[in-house]
Amino acid sequence: MLCLLRSDELVFFVNGKKVIEKNADPEVTLLTLLRKNLGLTGTKYACGRGGCGACTVMVSKCDPVSKKIRHFSITSCLVPICSLYGAAVTTVEGVGSIKTKLHPVQERIAKSHGTQCGFCTPGMVMSMYTLLRNHPQPSEEQLMEALGGNLCRCTGYRPILESGKTFCMESNGCEQKGTGKCCCDPGENASPSHSGDVPISTELFTQDEFQPLDPTQELIFPPELLRMAENPEKRTLAFHGERVTWISPGTLEDLLELKAKHPEAPLVLGNTSLGPAMKSQGHFHPVLLSPARISELSVVSKTSDGLTIGAGCSLAQVKDILAESISELPEEKTQTYRALLKHLKSLAGQQIRNMASLGGHIISRPCYSDLNPILAVGNATLNLLSEAGTRQIPLDEHFLAGSASADLKPEEILESVYIPHSQKWEFVSAFRQAQCQQNALADVNAGMRVLLKGDTDTIEDLSIAYGGLGAATVSAHKSCRQLQGRHWNQLMLDEACRLLLEEVSLPGSAPGGRVEFKRTLVVSFFFKFYLEVLQKLKKLAKLSSDRLQYHEVSDLSLSALEDFSVTVPQGVQRYQSVDSCQPLQDPVGRPIMHLSALKHATGEAIFCDDIPRVDKELFMALLISTRAHAKIISIDLSKALELPGVVDVITAKDIPGTNGTEDDKLLAVDEVLCVGQVICAVAAETDVQAKRAIENIKITYEDLEPVIFTIEDAIKHNSFLCPEKKLEQGNIKEAFEKVDQIVEGEVHVGGQEHFYMETQRVLVIPKTEDKELDIYVSTQDPAHVQKTVSSTLNIPINRITCHVKRVGGGFGGKVGKPAVFGAIAAAGAIKTGHPIRLVLDREDDMLITGGRHPLFGKYKVGFMNNGRIKALDIECFINGGCTLDDSEQVTEFLILKLENAYKIRNLRFRGRACMTNLPSNTAFRGYGFPQGTLVTESCITAVAAKCGLLPEKVREKNMYKTVDKTIYKQAFSPETLRQCWNECLDKSSFHSRRKQVEEFNKKNYWKKKGIAIIPMKFSVGFGATSYHQAAALVHIYTDGSVLVTHGGNELGQGIHTKMLQVASRELKIPMSYIHTCETSTATVPNTIATAASIGSDVNGRAVQNACQTLLKRLEPIIKKNPEGSWEDWIEAAFEQRISLSATGYFRGYKAFMDWEKGEGDPFPYYVYGAACSEVEIDCLTGAHKKIRTDIVMDACCSLNPAIDIGQIEGSFIQGMGLYTTEELKYSPEGVLYSRGPDEYKVPTIVDVPEEFNVSLLPSSQTPLTIYSSKGLGESGMFLGSSVFFAITDAVATARRERDIAEDFTVKSPATPEWVRMACADRFTEMIPRDDPRTFKPWSIPVA
Ligand SMILES: Cc1cc2nc3c(=O)[nH]c(=O)nc-3n(C[C@H](O)[C@H](O)[C@H](O)COP(=O)(O)OP(=O)(O)OC[C@H]3O[C@@H](n4cnc5c(N)ncnc54)[C@H](O)[C@@H]3O)c2cc1C
Ligand code: FES
Ligand code: FES
């Protein structure tokens, strides 16, 4: 009899230390335990859904049968602690530390500049560390695979990969040109080590100083756990939580008995399906059964006719098992295994594959399952077990549809899966298309199998199953049956497409949307299968008797076959080395490592939510509106207030001062304007209690009209946030009359989520005296938080101190919004008298905070036949959301920057911000430029198409050539712009590659290459003089150490590192003497947001000013004792009562804009650049691969080339995300669907261009900025559009070839859906189209 009354002790190890949980709660995850109970805050929370890798740790387990120890990476946010019985967990703290000893992985990621904000770094370290535990000298492919599940929003991945490559087996060079030579080899490198007289360096770090990896030094597997594994506990263990009981039987018999007793209880294996469903969809299971200790579920057996794989095997193990069988068996027997293996490579990231089990995957039957369609067509069988005995059921369409008669009985479990070998004349293929290549759920996938009658092309048996098309995997059995007996030829193909489209129909309103794309994929995949089989027949025909007749595939069509493979990116970074005369101590211009890099890599860097719990701290959760526009009739708090742990609820009535502004309330009063608006907040003892209370607050709404979501509707309703902004020059009316041609077009650019890895967080600590408050907040603008809290609480600003140690990514999203959360938390702290911690979940963060403004642009362009543009009229509308926020300034910047690099005499630019019932959009890197300038560049591309010219020719023809004035009459010289353009053309070998692309396109019908080069003139700064100021405070202590504080915030952009470089140069002391602790409103008051690319510029000047003041004071002492040391001078200064503390101030650039006159000097200077990208698209699926990108950027005299190149690469990749994969989806009711990494795809490591080169233009001078450096925070973002234009170039080629109009509507992002549908062909023609008036779409476009 099983005793389940009392909890057993849960025993496992963390970093070599034993953890005994006497009352383990099954609802607690490993991430929570590490961070909250064990204080191991190196492991980060960023999504909670297994989709980002920030919480990666290594788990080691001893296999009871083989006695081998298995190390694998997992995402700790999905791991219930109860599943860890007998396991050893290693976190980033267990790998190494600054205090004891760094691990080579940590040292190398830091020194290779693989960290910026550092929030993703511990996860990256753990993924690499686990790889090295298993493969001390991995291949580069293994490295890519290991990092595939880790997102980084800052670096662009290149330096992370670079650090990992230092452990890899020697590769034979980058082989980027197919020559086997490396791009760094002499002769292959377009740039010599000297460019003219300028010494050029391509080394950002030196490998020589790296410690070697010594695998013998790793933490050993705890002997106690070994003993436990040798004598496994056979007893059933039970852990009772507050609401859930976890039962872990020790034997199969007990498991079956328990399953009979608790038929409703799920089996928890990887928890990757159950966990997210419990968290986000409210699924609740009072009893969970864990078969983790049942070795019978992990047995693998091979027979002469197939493979039987235990249901408990992880998908990573399944991958290895299949690979082994493929290597052992003849090809004809392994068709199904190959198809499964193909999908296993792209299914999720490594961590999920390590956790997820085969059984869990099959039984959870997600509609997007990558494996079930293949298993179904491969005739897999499920071996079931219960107390009554064993039973087999087919894994067929009935099982997949969840039909009761074909399903497991409640008391049964899945023991194993039998997958038969394929046979001769049998062909199996797998297809999938997702938003991006890896770590993305498929939009549609498919398994297809055909058995041909021996030595013929006649179909004996055919099965096809699709995923992603409905609630479950669907089988096209009727079509397949009808096709039996048919020859495998063109006629069959046509008939099959017709039948398939009829059978697997998808309604226009289908959840997930992308309906026409999905319908097209149904037939496109079959076409690919058709060709694949023909190719295999061709191969067989060579071996077989000459009886075999088959249809030949034309050479042009062969291009439909190959899928894009994952390639390890390579590249070169070029920058100007410092002058050989520069003193060694002077770090300016050198690639100095980010100050916090080592701390990021060891998890010792403290982010806001890593601050230990303070006494009496409460946790806050927010209640947000579920209606887009409604009156709040009532708020019923009674149930929530009764719940355990709940201390109080804060509503608008509790705000002692001002509740935001009239139009933008902190907490809603009687009306809500969007889904996601904050209504009230709960303060409770724990986060779980606060979130439960939120679910128990009842709001009664009354819907209001109008409800506007789209720009189109806003225009119709005349719903705008501010007046139109307009700039005009010349006379466009007249100019349009004199041109050869006129083209009009539209451009739609979707919004973008910041997706900073660290969500919004704040900790407010009320002090006991004088109403003082300490606020620790993740913000780009602490002074704004301070001011907002002051007005909210009605207390003077001087009582509030905001502290910012570091921010886990901002990108503009932490300029305005943190003040809202800071003020609500502060109101809670004042009302309850307790410290308040507020940490937004990823879902809430994405829902509440808004992001980049979606844009709709219309252009009319008049030009001569030679491509010279004479008149351009652009009108842009941005979707501002429900409140003004930054929308007016974004509109202004958009208009000011629209001309980009082009001199067009007659121009009219107009812009308006639409008011809609969406969360308010806000600042985002580039601030309108990346959206607006896409319209300009699209217009240029359209002109080129009309003139029959290449786009680069039209760009060049219209580019600024000499000193000139912009549309707003600001004078500038385009010399550096042209230099960047020419160098980029040269470095990328553009013209010869353009020819190669053309050659390729002639030979390939289904794959097309595209190439584009884009110039950039980006103006930095805020456009207002008062924003261009900064202050610093520098103290020298009596031991000679120096403390520098300034008004800039560390967001990952390395501002503190640069400030110390400045101080080091000015004070002429090594950087090691200098420290910076945090940004605080108490040390440097009245600061400006760290934004607009000028943080380092203005703060650098302030630090310089303070240091110069100090040095001046020290001068007499130094003069008196020139041979003395720094310490001597400081000691003497102290003795002589010379102040060793100074403030520094930079009065900043003048900037103004007179909108009445359309004239001004709004920006201090420009950053110029150019990028060339080449891509290849798959016209049948819409997928693309990035072949190569070359960027040339004008950084002037870079303060720190490693940091600046990091900014360029990171922003380029973020821009590439904006223009290719990052798609926000809204419901017709205005609810944002894409609220996590599973639905919103930011670029992953496999999205980095295969060759990615960045060059900083050899220095020019700009007298304005600190040491003639330029701010590079934002500009690279727009260069990501070169990928977009390369894709549209490829699409245009495909359309030309198919005789379709080339002037298609430009839409960003260029998702696979857009690419596929734009490459119209006979398959897109055959799909049924719905009349839009007959159904309600799943999502609506808001741009
Ligand atoms: C971030 C992320 C990305 C993903 N990406 C992909 C992807 O690209 N493609 C894809 O196809 N899938 C993807 N998935 C889904 C993933 O494949 C499944 O969640 C996973 O395979 C489920 O396995 P599990 O062991 O975690 O199941 P669990 O969550 O532990 O269990 C799931 C269900 O299976 C039942 N069950 C488990 N084992 C047995 C058994 N032996 N007998 C009876 N019932 C059993 C349980 O009762 C439960 O109901 C992703 C998941 C995540 C979290
Ligand atoms: S926080 Fe765990 S994967 Fe994102
Ligand atoms: S450094 Fe990777 S997310 Fe910031």
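Further up the page is the structure itself.
Residues numbered from 1 in each chain as written. Chains lettered and ligands numbered in written order. Predicted model: local features only at pLDDT ≥ 70, side-chain atom pairs only at ≥ 80, totals over all residues. Heavy atoms only, no water.

Undergrad: Sorry, what's going on with the overall build of the protein chain here?
TA: What the protein chain contains, in helices and strands, is 39 helices and 49 strands. The C-alpha atoms of the protein chain give a radius of gyration of 31 Å, which matches the 34 Å a tight globule of 1343 residues would have. On the principal axes, the C-alpha backbone points of the protein chain span a range of 95 × 80 × 70 Å. Within the protein chain, buried positions represent 65% of all 1343 residues. Long-range contacts, defined as pairs at least 24 residues apart, comprise 78% of the intrachain contacts of the protein chain with a sequence gap of at least 6. Carbon together with sulfur atoms contributes 51% to the accessible area of the protein chain, which is approximately 48500 Å² in total. The protein chain carries 145 positive and 161 negative side-chain charges, and their two centres are separated by 2 Å. (Helix = DSSP H or I, 4+ residues; strand = E, 2+ residues; numbered from the N terminus. Rg over C-alpha atoms; globule rule 2.2 N^0.38 Å. Buried < 20%, exposed > 50% of the residue type's maximum accessible area, 1.4 Å probe, protein only. Contact = heavy atoms within 4.5 Å. Areas by Shrake-Rupley, 256 points an atom, 1.4 Å probe, with all protein chains shown as cover. Lys, Arg positive; Asp, Glu negative; His and termini not counted. Charge placed at Lys NZ, Arg CZ, Asp CG, Glu CD.)

Undergrad: How do you make sense of the packing of helix α28 (residues 929–947) against helix α29 (residues 951–958) when you look at a structure like this?
TA: Two quantities define a packed helix pair, namely the angle between the axes and the distance from one axis to the other. Between α28 and α29, the shortest axis-to-axis distance is 8 Å and the interhelical angle comes to 115 degrees. As far as their axial angle goes, α29 and α28 are roughly perpendicular. For the element pair α28 and α29, the recorded crossing hand is right-handed. Two secondary-structure elements touch here, α28 through E937, I940, T941, V943 and A944 and α29 through P951, V954 and R955. Here the contact of α28 with α29 is composed, by residue class, of five nonpolar, one polar and two charged. (Axes fitted to C-alpha atoms, helices over the stretch in contact; angles between N-to-C directions. Parallel < 35°, antiparallel > 145°, perpendicular 65-115°, else oblique. Left-handed = near helix turned anticlockwise from the far one by under 90°. Nonpolar A, V, L, I, M, F, W, Y, C, P; charged D, E, K, R; others polar.)

Undergrad: Quick question: what am I supposed to make of the site of ligand 1 here?
TA: In the region of ligand 1, 34 residues are neighbours, and L269, T272, L274, S357 and D370 sit closest. Separating an oxygen atom of ligand 1 from a backbone N or O atom of L267 is a distance of 2.8 Å. L414 is positioned such that a nitrogen or oxygen atom in its backbone is 2.8 Å from a nitrogen atom of ligand 1. For ligand 1, the accessible surface in isolation is 980 Å², of which the surrounding protein chains cover 93%. Counting residues per element, the shell around ligand 1 draws most heavily on helix α13 (residues 358–364), which supplies five residues. The residue inventory of the shell around ligand 1, partitioned by class, reads 19 nonpolar, 12 polar and three charged. (Near = heavy atom within 4 Å. Polar contact = N/O pair within 3.5 Å; in protein donor to acceptor, adjacent residues only side chain to side chain.)

Undergrad: For this particular structure, what's the right way to read the sheet that holds strand β8 (residues 237–240)?
TA: Either a parallel or an antiparallel arrangement is found when strands of a sheet pair, and the pairing is made through backbone hydrogen bonds. Reading across the sheet, the three strands line up as β8-β9-β10 and stay open at both edges, with mixed pairing between neighbours. Strands with a single pairing partner mark the edges of an open sheet, and in this sheet they are β8 and β10 (287–289). Between one strand axis and the next, the sheet turns by 15 degrees as a mean value, whatever way the strands run. Summarising the sheet, β8 and strand β9 (residues 245–248) pair through four bridges and their orientation is antiparallel. Bridged to A238 within β9 is I247. (Pairing = 2+ DSSP bridges.)

Undergrad: Where do I start with the packing of aromatic side chains in this structure?
TA: For any pair of aromatic rings, the description consists of the separation of the ring centres together with the inter-plane angle of the planes. Under the definition given, this model contains 32 aromatic pairs. Between F431 and F525, the ring centres sit 5.5 Å apart and the planes meet at 20 degrees, which makes this aromatic pair stacked. You can see F431 sitting in strand β16 (residues 426–434) and its partner F525 sitting in helix α18 (residues 515–543), a full 94 residues away along the chain. When sorted by exposure, F431 lands in the same class as F525, which is buried. An aromatic cluster of three or more residues is present, and its members are F431, W488, F525, F526, F527, F529, Y530, Y1005, W1006 and F1323. Positioned over the ring face of Y1267 is R1065, at 4.6 Å from the centre of the ring. In this structure, R1322 packs its charged tip against the face of F527, placed 5.3 Å from the ring centre. (Phe/Tyr/Trp six-rings, centres within 6.5 Å; stacked < 30°, edge-to-face > 60°. Lys NZ or Arg CZ within 6 Å of the ring centre and 35° of its normal.)

Undergrad: Explain the environment of I633 here, please?
TA: By the element assignment, I633 lies in strand β22 (residues 630–636). When the C-alpha atoms of I633 and E671 are compared, they prove to be 8.7 Å apart, with 38 residues separating the residues in sequence. The contacts of I633, once residues within four sequence positions are left out, are T700, Y701 and E702.

Undergrad: Where do I start with the environment of C82 in this structure?
TA: Following the sequence through the fold, C82 ends up in the loop between β4 (69–75) and β5 (88–90). Look past the residues within four positions of C82 in its chain and what remains in contact with it is L10, A24, D25, P26, F239 and W246.

Undergrad: I'm lost on the nonpolar core in this one. Help?
TA: It is characteristic of soluble globular proteins that their nonpolar side chains tend to be buried jointly. Judged by nonpolar contacts, the single largest core of 298 residues is most densely connected at Y466, W488, F526, L622 and I775. By residue number, the principal contributor to this core is α18, which donates 16 residues. Dropping the residues within four chain positions of it, W488 is found in contact with V450, D457, I459, L462, F526, F529, Y530, V533, L534 and H551. If you look at the next biggest cluster of nonpolar residues, it comprises 72 residues, including L34, I321, I326 and A356. (Core = buried A, V, L, I, M, F, W, Y, C linked by side-chain atoms within 4.5 Å.)

Undergrad: Looking at this structure, how should I read helix α30 (residues 975–987)?
TA: Side chains three or four residues apart in an α-helix point the same way, a direct result of the helix having 3.6 residues per turn. A rise of 1.5 Å per residue sets the reference length of α30, with its 13 residues, at 18 Å; its end C-alpha atoms lie 18 Å apart and thus fit the reference within 8%. Of all the positions in α30, only T976, L977, R978, C980, W981, E983, C984, L985 and K987 are classed as buried. (Expected span 1.5 Å × (residues − 1).)

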